[in-house]
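These are the residues of each chain, in order.
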Amino acid sequence: MSAKDSPDVDAVARVGLEKLGYKQEMARSRGLVHILFTIMAVPYGLAAPIATSLIGGGPAVMIWGWVLVSVLTQTLALSLAEICSKYPTSAGAYYWCYRLASPRTRVLASWINGWLTVVGVWTIALSVTFGTAQLIVAGAGIYYPEWIATAWETYLIFLGVTAVASLFCLFFNKHLPAIDIICACWTFLGIIVILICVSIKAAAGRHSISYALGHFDPSYSGWTPGWSFFIGLLPDSELNNALAYTFSAIGMITNMAEEVHNPSEILPKAITWSIPIGALSGVVFLLPILFTLPDVAILLQVSSGQPIGLMFTLIMGSRAGGFGLPHPLNPLFEVFGIGMFCAISISCAASRATWAFARDKAIPFHRSFSKISPYLDDVPVNALLLSTVIQVLLGLIYLGSTAAFNAFVGVAVMCLGASYAMPVAISLMNGRQDMHDAPFNLGRFGTTINAIAVLWIMFAMVLFSMPAVIPVTRVSMNYASVVFVGFGVISAVWYLINGRLYYTGPSIPEESTDSSESNRSTSPLRM
């Protein structure tokens, strides 16, 4: 019997949520398939940042960098799945930090993590909506190569994409599970269409297997060959995405926890299965492109910094083949569709993360932003509007400075990565004692898996602070680390002004608190 068909499953989930300290406020309408594919959006995540991979070294970086990122991210997914199976709530990582840290540090740890989370979800949603807008610009550039979109024109297209995503989240919330299914079908259909069309046409020529899987040219980045490979994983200087960006939002699956049937079982499966499924999908998507890749020098000369439109045009041998809006069997149109679906899903998840943090009184005007609309099918309207308004305001930065805007969008991966690593690191320092009774348990391999996950995030944050090319100019400089530190300072100041007086962390039943404290009392190393 499926989770959806069993009323007892939702009743058990409701009781379990109350034991975590929250009241069930949203209807549970999602199963495994509804949350497995949508936020990840592999073809979009790989296609949008393709310029960085080409700069970093080309085909070898694209395929083997993807494999490396998938393997390392799997350790993070397993670590998050284990913690999530014990604490399945939309509060996510900041709640986990509160439950796992010692009484002395848990309030501050959850505060820091919560702000990392909300800044991360706001900026990652911004990156998806703005990146989808830039795909539209790239598609228009195929038909009108003399047209170079101004900042205002790009921003207006971004507003349109954001409006569509927000309207779906507001007025079609009860239909979003069905839309998630459509998204999954569209994604896999798109991968097959691109595989067939690109492989058959190959108008720019075909490459040998040694070129497709082994060609490596680091000269475009200016870095040494070894470091240039990792530069291919970096955020793009124009689009602020990366190979690692594709999996950067896996933890946002937990923000939908209170709308999922049997979350202790479904959420860990969704988090862990999303990586191998995404990795395989990515390989199938990348291989035909690598075997038919046009001249890299030509692709990197595109004025918009987004070569994917030109790439598909050259491969397909015509403008219509590259991006024909009236024709659904065009590669770039398939990627654009996936981007739109992802924009809807990630905007929905971002609103849930915002709502959950407001519910615990950590956001200004929390009473307003923690309300669930009684009229719009369990939608946290105010939290959704807050998330959307912040994206729109951050988008205005693009009008004044693309470098500054890129920094705000690029910081998303750093914030989310840090927020995921914190509870895993705290669990490690507690000797993993709190994980012994987790329904999804990593067993004797847990310490090794957790350690690799934390080290990977630490390395990725350093990597994501580096410029993609050298020598560095004012435009090519990566300012993400500056913005990351800036958000940290703002969070700390707000904590001193307001948080230390009013934020007490998530409300947890006394018996659960006592149990957690007894588990940590013998820990050799406590936070």
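Here the structure is a predicted model, which means the values were calculated and not measured.

Draft legend 1. Highlighting the nonpolar core. Formed by 146 residues in total, the largest nonpolar core has its most connected members in M252 and M311. The element best represented in this core is helix α16 (residues 331–359), accounting for 18 residues.

Draft legend 2. Structural view of the side chain of S373. Within the secondary structure, S373 is located in the loop between α17 (366–369) and α18 (381–400). Classification of S373 as buried rests on a relative accessible area of 14%. In terms of polar contacts, S373 uses its side chain to reach the backbone amide nitrogen of Y375, at 3.1 Å. Not counting the four nearest positions on each side in its chain, S373 is found in contact with D378, V379 and V381.

Draft legend 3. View of unusual backbone geometry. In the Ramachandran plot, N262 falls in the positive-phi region, its phi being about 45° despite a non-glycine side chain. Tracing the backbone shows N262 in the loop between α11 (225–231) and α12 (263–291). You will see that K361, though not glycine, has its phi angle at about 65°, which is positive. Tracing the backbone through its elements, the reader meets K361 in the loop between α16 and α17. The exposure class assigned to K361 is partly exposed, which follows from its relative accessible area of 48%.

Draft legend 4. The arrangement of the state of the cysteines in detail. Using the criterion set out here, one finds 0 disulfides in the structure. With no disulfide partner, C342 has as its closest neighbouring cysteine sulfur the one in C183, 7.3 Å distant. Relative accessible area serves as the criterion here: at 2%, C342 is assigned to the buried category.

Draft legend 5. Looking closely at the packing of helix α9 (residues 176–201) against helix α14 (residues 308–316). Where α9 contacts α14, the axes come no closer than 8 Å and their chain directions differ by 55°. Compared by their axis directions, α9 and α14 come out oblique. In this structure, α9 uses I194, C197, V198 and K201 to contact α14, whose residues at the interface are F312, I315 and M316. Within the contact of α9 with α14, the residues separate by chemical class into 6 nonpolar, no polar and 1 charged.

Draft legend 6. Summary view of the packing of helix α8 (residues 151–171) against α18. Where α8 contacts α18, the two axes come as close as 10 Å, and the packing angle between them is 170°. By the angle between their axes, α8 is roughly antiparallel relative to α18. Of α18, the residues touching α8 (which contributes A151, W152, T154, Y155, F158, L159, T162, S166, C169 and L170) are V381, L384, L385, T388, Q391, V392, G395, L396, Y398 and L399.

What counts and what doesn't
Numbers given to residues run from 1 along each chain, matching the order in which its sequence is written. Where totals are concerned, whole chains, interfaces and linings use all residues; where local detail is concerned, this predicted model gives features only for residues with pLDDT of at least 70, and gives and counts side-chain atom pairs only at 80 or more. Only heavy atoms go into the side-chain values, all of them from the structure, while hydrogens and water stay out. Among buried residues, the Ala, Val, Leu, Ile, Met, Phe, Trp, Tyr and Cys ones that are joined through side-chain atoms within 4.5 Å form a nonpolar core. Relative accessibility under 20% of the residue-type maximum defines a buried residue, over 50% an exposed one, and the middle range a partly exposed one, all with a 1.4 Å probe and only protein chains included. Only DSSP runs of H or I covering at least 4 residues are called helices, and only runs of E covering at least 2 are called strands; the numbering of each starts at the N terminus. The term polar contact refers here to a pair of N or O atoms within 3.5 Å; inside protein, the definition further demands a hydrogen-donor-capable atom paired with an acceptor-capable atom, and it admits residues adjacent in sequence only when both atoms are side-chain atoms. In what follows, residue pairs with any heavy atoms lying within 4.5 Å of each other are defined as contacts. By disulfide we mean two sulfur atoms from cysteines, separated by a distance within 2.5 Å. Only C-alpha atoms enter the line fits that serve as axes; for helices the fit covers just the stretch in contact. Angles between N-to-C directions range over 0 to 180 degrees. Angular relationships are summarised with four words: roughly parallel below 35 degrees, roughly antiparallel beyond 145, roughly perpendicular across 65 to 115, and oblique for the angles in between. Note that Gly is not counted as nonpolar here; it falls among the polar residues with everything else outside the nonpolar set of Ala, Val, Leu, Ile, Met, Phe, Trp, Tyr, Cys and Pro and the charged set of Asp, Glu, Lys and Arg.

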